[in-house]
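Chain by chain, the residues:
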Amino acid sequence: MTVRTLLRRFEGSDVAITVYGPPATKTVVERLTAQRIDATWRKLPTGHQNAFVVIHRDGVFAETVPLTAVETFLCKPEIGSDDSGTPDSDPGRQLLRSALANTLFSSLTPAQLLATSHEFEDRAYRVGEGTLRVSFQSLSIFRSQRGRYETLASDTDLDIHVYGQADWEPPTIPGISFHPLTDTALEQVWLLAFDAAGDDQNKCALVAEETEDGPFRGVWTYNPRLVDEIMTAVVAVDE
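Residues numbered from 1 in each chain as written. Predicted model: local features only at pLDDT ≥ 70, side-chain atom pairs only at ≥ 80, totals over all residues. Heavy atoms only, no water.

(A) Summary view of the overall build of the protein. Scanning the protein for helices and strands turns up seven helices and 11 strands. For the protein, the C-alpha atoms occupy an extent of roughly 55 × 35 × 35 Å along the three principal directions. Taken across its 239 residues, the protein has 50% of its residues classed as buried. Considering only intrachain contacts with a sequence separation of at least 6, the fraction spanning at least 24 residues in the protein is 66%. Averaged over its 21 positive side-chain charges, the protein has a centre that lies 7 Å from the centre of its 35 negative ones. (Helix = DSSP H or I, 4+ residues; strand = E, 2+ residues; numbered from the N terminus. Buried < 20%, exposed > 50% of the residue type's maximum accessible area, 1.4 Å probe, protein only. Contact = heavy atoms within 4.5 Å. Lys, Arg positive; Asp, Glu negative; His and termini not counted. Charge placed at Lys NZ, Arg CZ, Asp CG, Glu CD.)

Structure representation (structure tokens):
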């Protein structure tokens, strides 16, 4: 299975987002539209604190989430303060990602991929066991996430595997195995997959491929069979 083959399975997914809020929230619609997401605005005669978003998939209601969850998804995470220490997770963001699972996004930013990765890492932290396989394209990118992964490794029984192009010599970190790659199989790929020690309810995966124009084309999923397939494909790359 290649990344392109996987992503083609989700082509044609139909997601529509309606933002309900004061006029100032129109900017959220503009930013969603800029990322090629079908989004519209509806006036809500209350303050920003009551604004919310309704998500439809294939014309069917999927979820309602606070607008703040979407704003967080669109904004750059604060790298530094948020990349170390004990992971946690926001219920609104979890609802948003659940509603948008199995949706092919054609214009994901590295910040959005990082935020989604953090959500899945937080899930792995809470489960506390299982195998977590991660690729940030090149091993050198791991340096900015080192503190976070040291916490994951020291506080849990996770078996963590980090893959990437061999452009940096990683340190020895108990609980983390590094896999320097010399081929190009994952060179343009941002990937995270967690098997939750066989618990289908907690399996998750994110797969995205960098496009020629710069943004990433990708999808995340909680489908246990698909997560297992992704895990197997990553292992095969290193054989």
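(B) Representation of the packing of helix H2 (residues 26–34) against helix H3 (residues 67–74). In contact at an axis separation of 11 Å, H2 and H3 are set at 45° when each is read in the N-to-C sense. Between H2 and H3, the angle is such that the two are oblique. H2 and H3 meet at a crossing whose hand is left-handed. Mapping the contact onto sequence places Val28, Arg31 and Leu32 in H2 and Leu67, Val70, Glu71 and Leu74 in H3. Broken down by class, the residue content of the contact of H2 with H3 amounts to five nonpolar, no polar and two charged. (Axes fitted to C-alpha atoms, helices over the stretch in contact; angles between N-to-C directions. Parallel < 35°, antiparallel > 145°, perpendicular 65-115°, else oblique. Left-handed = near helix turned anticlockwise from the far one by under 90°. Nonpolar A, V, L, I, M, F, W, Y, C, P; charged D, E, K, R; others polar.)

(C) Spotlight on the nonpolar core. With 53 residues, the main nonpolar core has Leu32, Phe142, Tyr149, Ile160, Ile176 and Trp220 as its most contacted residues. If we skip the residues at most four places from it in the chain, isoleucine 160 touches Leu132, Tyr149, Leu152, Ala153, Gly175, Ile176 and Ser177. The next biggest cluster of nonpolar side chains, apart from the first, holds 19 residues, and it includes Leu7, Leu104, Val189 and Val207. (Core = buried A, V, L, I, M, F, W, Y, C linked by side-chain atoms within 4.5 Å.)

(D) Geometry of the pattern of salt bridges. Inspection of every chain in the model, using the stated rule, returns nine salt bridges. The partner of glutamate 119 in a salt bridge is arginine 93, with the nearest N and O atoms 2.8 Å apart. With glutamate 119 in helix H5 (residues 110–127) and arginine 93 in helix H4 (residues 91–99), the pair connects residues that are 26 residues apart, well separated along the chain. The salt bridge involving aspartate 200 is made with lysine 203; its shortest N-O contact spans 3.0 Å. Shared partners join several salt bridges into a network, and the residues in it are Arg93, Arg97 and Glu119. (Salt bridge = Lys/Arg side-chain N within 4 Å of Asp/Glu carboxyl O.)

(E) Spotlight on the packing of aromatic side chains. The final tally for this structure, using the stated rule, is 11 aromatic pairs. Judged by centre distance (6.3 Å) and plane angle (55°), the rings of phenylalanine 73 and phenylalanine 105 are tilted. One end of the pair, phenylalanine 73, is in helix H3; the other, phenylalanine 105, is in strand S5 (residues 105–108), with 32 residues separating them in the sequence. When its relative accessible area of 3% is taken as the criterion, phenylalanine 73 is described as buried. A relative accessible area of 6% places phenylalanine 105 in the buried class. Ring geometry for phenylalanine 142 and tryptophan 168: centres 6.4 Å apart, planes at 35°, overall tilted. With phenylalanine 142 in the loop between strand S6 (129–138) and helix H6 (146–155) and tryptophan 168 in the loop between strand S7 (157–165) and strand S8 (176–181), the pair connects residues that are 26 residues apart, well separated along the chain. For the pair formed by phenylalanine 142 and tryptophan 168, the shared burial category is buried. Following the ring pairs from residue to residue traces out a cluster consisting of Phe136, Phe142, Tyr149, Trp168, Phe178, Trp190 and Phe216. Lysine 26 extends its terminal NZ or CZ atom over the ring of tryptophan 41, reaching a point 4.6 Å from the ring centre. (Phe/Tyr/Trp six-rings, centres within 6.5 Å; stacked < 30°, edge-to-face > 60°. Lys NZ or Arg CZ within 6 Å of the ring centre and 35° of its normal.)

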